[in-house]
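Residue-level structure breakdown
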Amino acid sequence: MITSRNGGGGAGEGKGIDCADNQVGRQNRRNRHHKYQHQQQQFVHHNCHDNHRLHLYRKKTIPVKAVLCVAAIGIMQVCILAPRSIDNHHFHVLPWRSRLCEGVGGAIRFFIPEGTSYVDYIRRYLTTRNDFVWVPRSENQTVDYYDHNGSNRKLNIGRIANRMFDKTHLCQKHRLAHWLRNYQGEIIPPTAVIKKGVWAQVPRGFFSNSDTQRSLYFLKNSHRDNGKGVRVMEGLEKAVKNIDNMKTYVLQRHIPDMLLWENKFKFDLRMFSIATFEPNCRAKFYLYPIGYCRINPNEWENKAKKMLQVTNVSYFKRQNSSYNLVPTTNFSDFHRVWERLKHAVTVAYAETEDRMHPLENEDNSKNGYMLFAFDFMVDKDYHPWLLEVNASPGCSRNRRPKPMVDMLQHMFDQMTKLAVIPTLKPGAQPEHGDWVELDTSSVKSRSQNEK
């Protein structure tokens, strides 16, 4: 007899069912659940030698071929890989080689995402070594070295940190101008600093120059990079009118008698440097002897047009415009500026190292490194002028000529031997390669007693 809560008759009427039907429904659901679980227990592994699929089912033993394959490489137990994720009953497993290499022969397991600016060069080099094993990123994996030049780059990365305590003293334009204010006209061009409408630093004779009405001026937002926040104006008066009292700027006059590439195109030099540090030790600084020239594709004119005056690669990428990058090995007069370049970088570190990497700070009780790019303009007397310093500069392979990519790869290969491998492998000695160590103790700081 079938009854309903509303008193109606018939199986299709009402919402009530009796106990017998309820038990049958529960049993059917239970059977379907067991069947679904049985389907999930079927998954596929790939044999690491012949790529034949080994189907492993419940209550079945592991095939002899799989045991022989594992024994042949010295593993004393059968490794059954757990599935990484489940999507519509399809199991995605990690490569067999990645797990078999775990802990074998002391190999260091590391993860670096592919194509992420300069750290991709490190990844490419480490994958050529037998003592390092690249593994895919997974929630249930642990790695010895994880490097990612992205949003979480300030975190401690494995046993390495790729950030100094406070890089802003070197990489923010107004702070760099502050610490090098005693070197104006020697290392940096005359630079005024304006903080929220207040002229915090004004070089001597900055307003009394006879060319203030005709010269080009660069008004740069101190907190922007990649060519953003740069305005080019003719005349000091017009530049001053464009100052926003809520922002911080540096104001520089165009370098007179600028050296032009092939006497036509404006260019600057980008040089790479690294700082390495250990717990309770002063940082060490190195400069790579080969950089590259960033050449503006437009023939230079003395006009207040940004497209004629900037050399930043990111700016031309945003404009979908072409640009030229040439290694300094193709700059025939580079030897005439090298020693001055090295001196300028050494001075910049000497004035800022105690603030970027204070020994007494507890956050500096770790090993690490940091990559910098120093940008210079050169005048006709082959005097390099330091314009700015960038932390973790972009070195993407995208839209770079092959000779440039090869030069960068060689540089990062040597940087890895110098700054990364000695930290990850106990007993490994740093290999300098072509990197030139800078002696900051040879420079007497001109602002060491100033705050």
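Report on the accompanying structure. Model, not experiment: these values are computed from the prediction.

Digging into the pattern of salt bridges
Applying the stated criterion across every chain, the model contains 15 salt bridges. Across the pair D166 and R175 runs a salt bridge whose closest N-O atoms are separated by 3.6 Å. Residue classification places D166 among the buried residues on the basis of a relative accessible area of 19%. Residues E301 and K303 are paired through a salt bridge, measuring 3.1 Å at the closest nitrogen-oxygen approach. The class for E301 is partly exposed, based on a relative accessible area of 37%. Judged by relative accessible area, which is 39%, K303 ranks as partly exposed. A single network of salt bridges, built from pairs that share partners, joins D120, R123, R124 and R397.

Regarding the pairing of strand 10 (residues 216-221)
Here strand 10 lies mainly inside the structure; six of its six residues are buried. Relative to strand 11 (residues 230-234), strand 10 is paired through five bridges, and the arrangement is antiparallel. Bridged to F218 within strand 11 is V232. In this structure, strand 10 lies alongside strand 12 (residues 248-253), joined through five bridges in antiparallel fashion. Of the residues in strand 12, the one forming a bridge with K220 is V250.

What to know about empty space enclosed by the protein
Scanning all chains against the criterion turns up four cavities of 30 Å³ or more. By volume, the largest cavity is sized at about 390 Å³. Along its surface, the largest cavity is lined by 26 residues, and F218, K220, T311, L387 and E388 are the ones closest to its centre. Class assignment for the residues of the lining of the largest cavity results in eight nonpolar, seven polar and 11 charged. Space inside the second largest cavity adds up to approximately 70 Å³.

Some details on the layout of surface pockets
Rolling a probe over the atoms, with the probe sized like a water molecule, indicates the empty space that remains. Reported here for the largest pocket is a volume of approximately 710 Å³. Looking at the largest pocket, it is lined by 32 residues, and the ones nearest its centre are D225, N226, N390, A391 and S392. Listed by contribution, the elements that provide at least two residues to the lining of the largest pocket are helix 5 (168-171), strand 15 (292-299), helix 9 (313-318) and strand 18 (384-391). Top contributing element to the lining of the largest pocket by residue count: strand 18, with four residues.

Here we look at the sheet that holds strand 6 (residues 132-134)
On the basis of which strands lie adjacent, the open sheet formed by three strands has the order 6-5-7 and parallel pairing. Across the chains shown, the open sheet's two edge strands, defined by having one partner strand only, are strand 6 and strand 7 (145-146).

What to know about helix 10 (residues 338-356)
The end-to-end C-alpha separation of helix 10 is 25 Å, in line with the 27 Å expected for 19 residues at 1.5 Å each. The sharpest bend along helix 10 comes to roughly 35°, located at A350.

Observations regarding the sheet that holds strand 9 (residues 198-201)
Strand order in the open sheet formed by five strands is 9-8-12-10-11, with antiparallel pairing between adjacent strands. In this open sheet, the two strands that pair with only one neighbour each are strand 9 and strand 11. Direction aside, the axes of adjacent strands within the sheet are offset by 25° on average. As paired strands, strand 8 (residues 191-195) and strand 9 are joined by three bridges and run antiparallel to one another. In the sheet register, V193 faces strand 9, and the bridge partner there is Q201.

Quick word on unusual backbone geometry
A negative phi angle characterises most non-glycine residues, just as the trans form characterises most peptide bonds. Backbone geometry places E262, a non-glycine residue, at a positive phi of 55°. With respect to the helices and strands, the residue E262 is situated in the loop between strand 12 and strand 13 (265-277). Assessed through its relative accessible area of 57%, E262 is described here as exposed. We note that N263 has phi near 60°; this positive angle belongs to a residue other than glycine. Relative to the helices and strands, N263 is located in the loop between strand 12 and strand 13.

Some remarks on the packing of aromatic side chains
Applying the stated criterion across every chain, the model contains 17 aromatic pairs. Aromatic side chains F206 and F207 sit 5.7 Å apart centroid to centroid with 90° between the ring planes, which places their arrangement in the edge-to-face category. For F206, a relative accessible area of 6% translates into the label buried. Among the residues examined, F207 registers a relative accessible area of 45% and is labelled partly exposed. A connected cluster of aromatic rings, assembled from ring pairs, spans W199, F206, F207 and Y217. Its guanidinium or amino end placed over the ring of W179, R355 lies 3.7 Å from that ring's centre, counting from NZ or CZ.

What counts and what doesn't
Residues numbered from 1 in each chain as written. Predicted model: local features only at pLDDT ≥ 70, side-chain atom pairs only at ≥ 80, totals over all residues. Heavy atoms only, no water. Salt bridge = Lys/Arg side-chain N within 4 Å of Asp/Glu carboxyl O. Buried < 20%, exposed > 50% of the residue type's maximum accessible area, 1.4 Å probe, protein only. Helix = DSSP H or I, 4+ residues; strand = E, 2+ residues; numbered from the N terminus. Pairing = 2+ DSSP bridges. 1 Å grid on protein atoms, 1.4 Å probe; cavity = no way out; pocket = protein on both sides within 12 Å on 5 of 7 lines; lining within 4 Å. Points joined across faces, edges and corners; volume = space filled by probe spheres on them. Nonpolar A, V, L, I, M, F, W, Y, C, P; charged D, E, K, R; others polar. Expected span 1.5 Å × (residues − 1). Bend = angle between axes of the 7 residues up to and from the residue. Axes fitted to C-alpha atoms, helices over the stretch in contact; angles between N-to-C directions. Phe/Tyr/Trp six-rings, centres within 6.5 Å; stacked < 30°, edge-to-face > 60°. Lys NZ or Arg CZ within 6 Å of the ring centre and 35° of its normal.

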